[in-house]
Amino acid sequence: LFVLIVMYKLDLHAHMPVFHHLIFTRVNRREYYLELLEKLFRKKGTLVLGIANSGNNGKYRKFVGGLGKLPKEYKVGKEFEDYFVSVSKGKKKIYFVKTDEIATDKGHVLIVGYPHDIKSKKLADIFSKVKRRDCVVIANHPLHHLGIDYFFYSKLIGGNDKVSISKRELNKYKGKFDAIELNSYFPEDWDKVRNYSRKNKIPVVADSDAHEMDELFRSWFEIKKLDFRNPDKFKKSLKRGLRK
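Residues numbered from 1 in each chain as written. Predicted model: local features only at pLDDT ≥ 70, side-chain atom pairs only at ≥ 80, totals over all residues. Heavy atoms only, no water.

*Asks:* What is the right way to read the pairing of strand β7 (residues 136-139) from this model?
*Replies:* A regular strand places its side chains on the two faces of the sheet in alternate fashion. Covered by surrounding structure in β7 are V136 and I138 together with V137 and A139, the residues of both alternating faces. Relative to β7, strand β6 (residues 107-112) runs antiparallel, the two being bridged by 4 bridges. Bridged to I111 within β7 is V137. Sheet topology places β7 next to strand β8 (residues 179-183); 2 bridges connect them, and they run parallel. Bridge pairing in β8 links A139 to I180. (Buried < 20%, exposed > 50% of the residue type's maximum accessible area, 1.4 Å probe, protein only. Helix = DSSP H or I, 4+ residues; strand = E, 2+ residues; numbered from the N terminus. Pairing = 2+ DSSP bridges.)

Printed below as a string of C-alpha coordinates:
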(Lines give C-alpha, C1' and ligand atoms only; values in the text may rest on other atoms or scores of the structure.)
Protein backbone atom coordinates (compact mmCIF):
# COMPACT_ATOMS: atom_id res chain seq x y z
CA LEU A 1 0.00 0.00 0.00
CA PHE A 2 1.51 3.31 -1.10
CA VAL A 3 0.37 6.61 0.37
CA LEU A 4 0.96 9.64 -1.85
CA ILE A 5 2.21 12.59 0.19
CA VAL A 6 1.88 15.94 -1.57
CA MET A 7 4.66 18.39 -0.83
CA TYR A 8 3.62 21.99 -1.27
CA LYS A 9 6.28 24.47 -2.36
CA LEU A 10 5.49 27.96 -1.02
CA ASP A 11 6.66 31.46 -1.92
CA LEU A 12 4.24 33.72 -0.04
CA HIS A 13 5.89 37.10 -0.65
CA ALA A 14 5.83 38.14 -4.31
CA HIS A 15 4.89 41.47 -5.85
CA MET A 16 3.37 40.33 -9.12
CA PRO A 17 2.40 41.20 -11.72
CA VAL A 18 4.60 44.21 -12.42
CA PHE A 19 4.05 45.47 -15.96
CA HIS A 20 7.00 47.37 -17.40
CA HIS A 21 6.39 49.14 -20.68
CA LEU A 22 7.36 52.22 -22.64
CA ILE A 23 5.25 55.35 -22.91
CA PHE A 24 2.56 55.09 -25.62
CA THR A 25 2.78 51.28 -25.66
CA ARG A 26 0.39 48.74 -24.18
CA VAL A 27 1.23 45.49 -22.47
CA ASN A 28 -0.39 42.35 -23.85
CA ARG A 29 -1.57 41.04 -20.51
CA ARG A 30 -2.90 37.80 -21.92
CA GLU A 31 0.57 36.94 -23.25
CA TYR A 32 2.03 37.92 -19.88
CA TYR A 33 -0.25 35.51 -18.00
CA LEU A 34 0.43 32.69 -20.46
CA GLU A 35 4.19 33.19 -20.11
CA LEU A 36 3.88 33.31 -16.33
CA LEU A 37 1.79 30.13 -16.13
CA GLU A 38 4.03 28.32 -18.60
CA LYS A 39 7.05 29.02 -16.39
CA LEU A 40 5.26 28.06 -13.19
CA PHE A 41 3.82 24.82 -14.58
CA ARG A 42 7.31 23.73 -15.60
CA LYS A 43 8.46 23.90 -11.97
CA LYS A 44 8.36 20.74 -9.87
CA GLY A 45 6.01 20.32 -6.96
CA THR A 46 2.63 21.79 -6.10
CA LEU A 47 3.21 25.53 -6.05
CA VAL A 48 1.61 28.02 -3.67
CA LEU A 49 2.39 31.61 -4.69
CA GLY A 50 1.45 34.57 -2.52
CA ILE A 51 0.45 37.62 -4.57
CA ALA A 52 1.22 40.41 -2.13
CA ASN A 53 -0.80 43.58 -1.94
CA SER A 54 1.49 46.39 -0.85
CA GLY A 55 -0.23 49.28 0.88
CA ASN A 56 -3.66 48.09 -0.32
CA ASN A 57 -2.64 48.51 -3.97
CA GLY A 58 -5.00 45.77 -5.12
CA LYS A 59 -2.37 43.67 -6.91
CA TYR A 60 -3.99 40.39 -5.89
CA ARG A 61 -7.44 41.42 -7.12
CA LYS A 62 -5.98 42.64 -10.43
CA PHE A 63 -4.12 39.35 -10.79
CA VAL A 64 -7.27 37.31 -10.22
CA GLY A 65 -9.13 39.46 -12.75
CA GLY A 66 -6.50 38.65 -15.37
CA LEU A 67 -7.12 34.92 -15.03
CA GLY A 68 -10.51 35.26 -16.70
CA LYS A 69 -9.17 35.21 -20.27
CA LEU A 70 -7.07 32.06 -20.26
CA PRO A 71 -7.29 29.33 -22.95
CA LYS A 72 -9.66 26.43 -22.29
CA GLU A 73 -6.92 24.04 -21.19
CA TYR A 74 -6.61 26.07 -17.99
CA LYS A 75 -9.25 25.59 -15.31
CA VAL A 76 -9.57 28.40 -12.75
CA GLY A 77 -11.08 27.76 -9.32
CA LYS A 78 -12.45 30.99 -7.79
CA GLU A 79 -14.81 29.70 -5.09
CA PHE A 80 -12.78 31.38 -2.34
CA GLU A 81 -11.18 34.12 -4.42
CA ASP A 82 -11.05 36.60 -1.52
CA TYR A 83 -8.41 34.27 -0.03
CA PHE A 84 -6.99 32.13 -2.84
CA VAL A 85 -7.59 30.84 -6.35
CA SER A 86 -6.29 27.80 -8.20
CA VAL A 87 -5.26 27.23 -11.81
CA SER A 88 -5.21 23.67 -13.17
CA LYS A 89 -3.74 22.29 -16.36
CA GLY A 90 -4.04 18.56 -16.84
CA LYS A 91 -3.29 16.89 -13.52
CA LYS A 92 -1.18 19.76 -12.17
CA LYS A 93 -2.60 22.57 -10.01
CA ILE A 94 -1.10 25.87 -8.79
CA TYR A 95 -2.54 27.95 -5.95
CA PHE A 96 -2.36 31.74 -5.81
CA VAL A 97 -2.91 33.17 -2.33
CA LYS A 98 -3.82 36.71 -1.28
CA THR A 99 -1.17 38.13 1.05
CA ASP A 100 -0.72 41.66 2.36
CA GLU A 101 2.60 43.36 3.02
CA ILE A 102 1.92 46.12 5.54
CA ALA A 103 4.44 48.86 6.35
CA THR A 104 3.67 49.16 10.08
CA ASP A 105 5.10 51.61 12.58
CA LYS A 106 7.52 48.86 13.67
CA GLY A 107 8.48 47.41 10.27
CA HIS A 108 7.03 45.34 7.43
CA VAL A 109 4.80 42.34 8.11
CA LEU A 110 3.10 39.86 5.79
CA ILE A 111 -0.51 38.87 6.51
CA VAL A 112 -1.95 35.66 5.05
CA GLY A 113 -5.68 35.02 5.13
CA TYR A 114 -7.31 38.44 5.59
CA PRO A 115 -9.99 39.08 2.92
CA HIS A 116 -10.22 42.90 3.19
CA ASP A 117 -7.90 45.90 3.04
CA ILE A 118 -5.75 46.50 6.11
CA LYS A 119 -5.70 50.24 6.74
CA SER A 120 -4.02 50.49 10.14
CA LYS A 121 -0.27 51.01 10.26
CA LYS A 122 0.09 50.23 13.98
CA LEU A 123 1.49 46.76 14.55
CA ALA A 124 -0.43 46.28 17.82
CA ASP A 125 -3.73 47.11 16.09
CA ILE A 126 -2.97 44.77 13.21
CA PHE A 127 -2.28 41.87 15.55
CA SER A 128 -5.59 42.51 17.28
CA LYS A 129 -7.51 42.72 13.99
CA VAL A 130 -6.06 39.81 12.02
CA LYS A 131 -5.63 37.33 14.86
CA ARG A 132 -9.41 37.34 15.36
CA ARG A 133 -9.60 35.76 11.89
CA ASP A 134 -6.78 33.31 12.69
CA CYS A 135 -4.54 34.87 10.04
CA VAL A 136 -0.87 34.03 9.64
CA VAL A 137 1.54 36.87 10.45
CA ILE A 138 5.14 36.78 9.20
CA ALA A 139 7.88 39.32 9.95
CA ASN A 140 9.24 40.39 6.55
CA HIS A 141 13.03 40.66 6.19
CA PRO A 142 13.49 41.07 9.98
CA LEU A 143 16.70 42.16 11.75
CA HIS A 144 17.89 44.02 8.66
CA HIS A 145 19.87 47.24 9.08
CA LEU A 146 19.56 49.66 6.18
CA GLY A 147 22.58 51.73 5.25
CA ILE A 148 23.18 55.43 5.73
CA ASP A 149 22.13 56.08 2.12
CA TYR A 150 18.58 54.90 2.89
CA PHE A 151 18.52 57.07 6.02
CA PHE A 152 19.28 60.21 4.01
CA TYR A 153 16.89 59.20 1.21
CA SER A 154 14.01 58.68 3.66
CA LYS A 155 14.71 62.04 5.30
CA LEU A 156 14.87 63.73 1.89
CA ILE A 157 11.43 62.48 0.84
CA GLY A 158 10.02 63.02 4.32
CA GLY A 159 9.33 59.37 5.00
CA ASN A 160 9.79 57.36 8.14
CA ASP A 161 9.15 53.89 6.79
CA LYS A 162 10.66 51.23 9.01
CA VAL A 163 11.38 48.37 6.65
CA SER A 164 12.44 45.72 9.15
CA ILE A 165 11.15 44.46 12.49
CA SER A 166 13.93 44.88 15.07
CA LYS A 167 15.06 42.30 17.60
CA ARG A 168 13.51 44.42 20.34
CA GLU A 169 10.09 44.35 18.66
CA LEU A 170 10.35 40.64 17.89
CA ASN A 171 10.99 40.02 21.58
CA LYS A 172 8.15 42.33 22.60
CA TYR A 173 5.63 40.53 20.40
CA LYS A 174 7.03 37.05 20.93
CA GLY A 175 4.35 34.47 20.37
CA LYS A 176 2.33 36.67 18.01
CA PHE A 177 4.41 36.10 14.91
CA ASP A 178 3.80 32.76 13.19
CA ALA A 179 7.14 32.91 11.38
CA ILE A 180 10.05 35.14 10.42
CA GLU A 181 11.37 35.44 6.89
CA LEU A 182 14.61 34.64 5.13
CA ASN A 183 14.44 37.15 2.30
CA SER A 184 16.26 36.44 -0.95
CA TYR A 185 17.32 40.10 -1.28
CA PHE A 186 19.21 40.11 2.04
CA PRO A 187 21.40 36.98 2.29
CA GLU A 188 23.65 38.87 4.72
CA ASP A 189 20.85 38.51 7.29
CA TRP A 190 20.25 34.77 6.95
CA ASP A 191 22.57 33.61 9.72
CA LYS A 192 21.18 35.99 12.34
CA VAL A 193 17.58 35.20 11.32
CA ARG A 194 18.26 31.47 11.60
CA ASN A 195 19.97 31.96 14.96
CA TYR A 196 17.07 34.00 16.29
CA SER A 197 14.66 31.34 15.01
CA ARG A 198 16.51 28.54 16.83
CA LYS A 199 16.96 30.43 20.10
CA ASN A 200 13.36 31.60 20.26
CA LYS A 201 11.67 28.56 18.72
CA ILE A 202 9.90 30.52 16.00
CA PRO A 203 9.49 29.05 12.50
CA VAL A 204 11.53 30.51 9.67
CA VAL A 205 10.32 30.66 6.06
CA ALA A 206 12.07 31.56 2.80
CA ASP A 207 10.45 33.95 0.33
CA SER A 208 11.56 35.48 -2.96
CA ASP A 209 10.10 38.99 -2.49
CA ALA A 210 9.88 38.79 -6.30
CA HIS A 211 9.35 41.90 -8.39
CA GLU A 212 10.13 40.20 -11.69
CA MET A 213 8.78 36.99 -13.20
CA ASP A 214 12.16 35.25 -13.21
CA GLU A 215 12.55 35.87 -9.46
CA LEU A 216 9.51 33.78 -8.51
CA PHE A 217 10.46 30.81 -6.30
CA ARG A 218 14.06 31.98 -6.19
CA SER A 219 13.55 31.28 -2.48
CA TRP A 220 10.82 29.02 -1.13
CA PHE A 221 9.94 26.55 1.62
CA GLU A 222 7.99 23.29 1.77
CA ILE A 223 5.01 22.07 3.80
CA LYS A 224 3.81 18.49 3.69
CA LYS A 225 0.05 19.03 4.02
CA LEU A 226 -2.18 21.99 3.16
CA ASP A 227 -5.96 22.00 3.05
CA PHE A 228 -7.61 24.22 0.43
CA ARG A 229 -11.19 23.03 1.00
CA ASN A 230 -12.06 26.40 2.53
CA PRO A 231 -10.21 29.46 3.93
CA ASP A 232 -10.40 28.38 7.59
CA LYS A 233 -8.98 24.95 6.85
CA PHE A 234 -6.24 26.52 4.74
CA LYS A 235 -5.14 28.90 7.49
CA LYS A 236 -5.19 26.17 10.15
CA SER A 237 -3.22 23.77 7.96
CA LEU A 238 -0.68 26.49 7.14
CA LYS A 239 -0.17 27.22 10.84
CA ARG A 240 0.28 23.50 11.56
CA GLY A 241 2.76 23.21 8.72
CA LEU A 242 4.77 26.17 9.99
CA ARG A 243 4.95 24.72 13.50
CA LYS A 244 6.30 21.46 12.10
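*Asks:* Help me understand helix α2 (residues 59-66) in this model?
*Replies:* An α-helix turns once every 3.6 residues. As a result, residues three or four positions apart point the same way. The complete set of buried residues in α2 reads Y60, F63 and V64. Down the axis, α2 shows its buried residues gathered within 95 degrees of arc, on one side only. Opposite the buried face of α2, by more than 90 degrees, sit the exposed residues K62 and G65. (Arc of directions from axis to C-beta.)

*Asks:* When you look at the side chain of S237 in this model, what are you seeing that I'm missing?
*Replies:* As for its position among the elements, S237 is in helix α7 (residues 231-243). The exposure class of S237 is buried, given its relative accessible area of 2%. Of note is the side chain of S237, whose polar atom sits 2.9 Å from the backbone oxygen of F234. Apart from residues no more than four positions distant in its own chain, S237 is found in contact with K225, L226 and D227. (Polar contact = N/O pair within 3.5 Å; in protein donor to acceptor, adjacent residues only side chain to side chain. Contact = heavy atoms within 4.5 Å.)

*Asks:* Would you mind showing me how to read the pattern of salt bridges here?
*Replies:* Two side chains carrying opposite charge are able to pair once their charged atoms lie near each other. Tallying each qualifying case throughout the model produces 14 salt bridges. Where E81 meets R61, a salt bridge forms, and the shortest distance between an N and an O atom there is 2.6 Å. Here E81 is found in the loop between β3 (74-77) and β4 (84-89), whereas its partner R61 is found in helix α2, with 20 residues between them in sequence. For E81, a relative accessible area of 26% puts it in the partly exposed group. (Salt bridge = Lys/Arg side-chain N within 4 Å of Asp/Glu carboxyl O.)

*Asks:* When you look at the nonpolar core in this model, what are you seeing that I'm missing?
*Replies:* Soluble globular proteins tend to pack their nonpolar side chains together in the buried interior. Of all hydrophobic cores here, the largest spans 25 residues; its most connected members are L40, L49, V87, F96 and L216. When residues of this core are traced back to their parent elements, those giving at least two are α1 (29-42), β2 (46-54), α2, β4 and β5 (92-104). The dominant element in this core, judged by the number of residues it contributes, is α1, at 6 residues. Ignoring any residue separated from it by four or fewer positions in sequence, one finds L49 in contact with D11, A14, L40, Y95, F96, V97, L216 and F217. Core analysis: the second largest hydrophobic core is formed by 23 residues, L123, V130, A139 and A206 among them. (Core = buried A, V, L, I, M, F, W, Y, C linked by side-chain atoms within 4.5 Å.)

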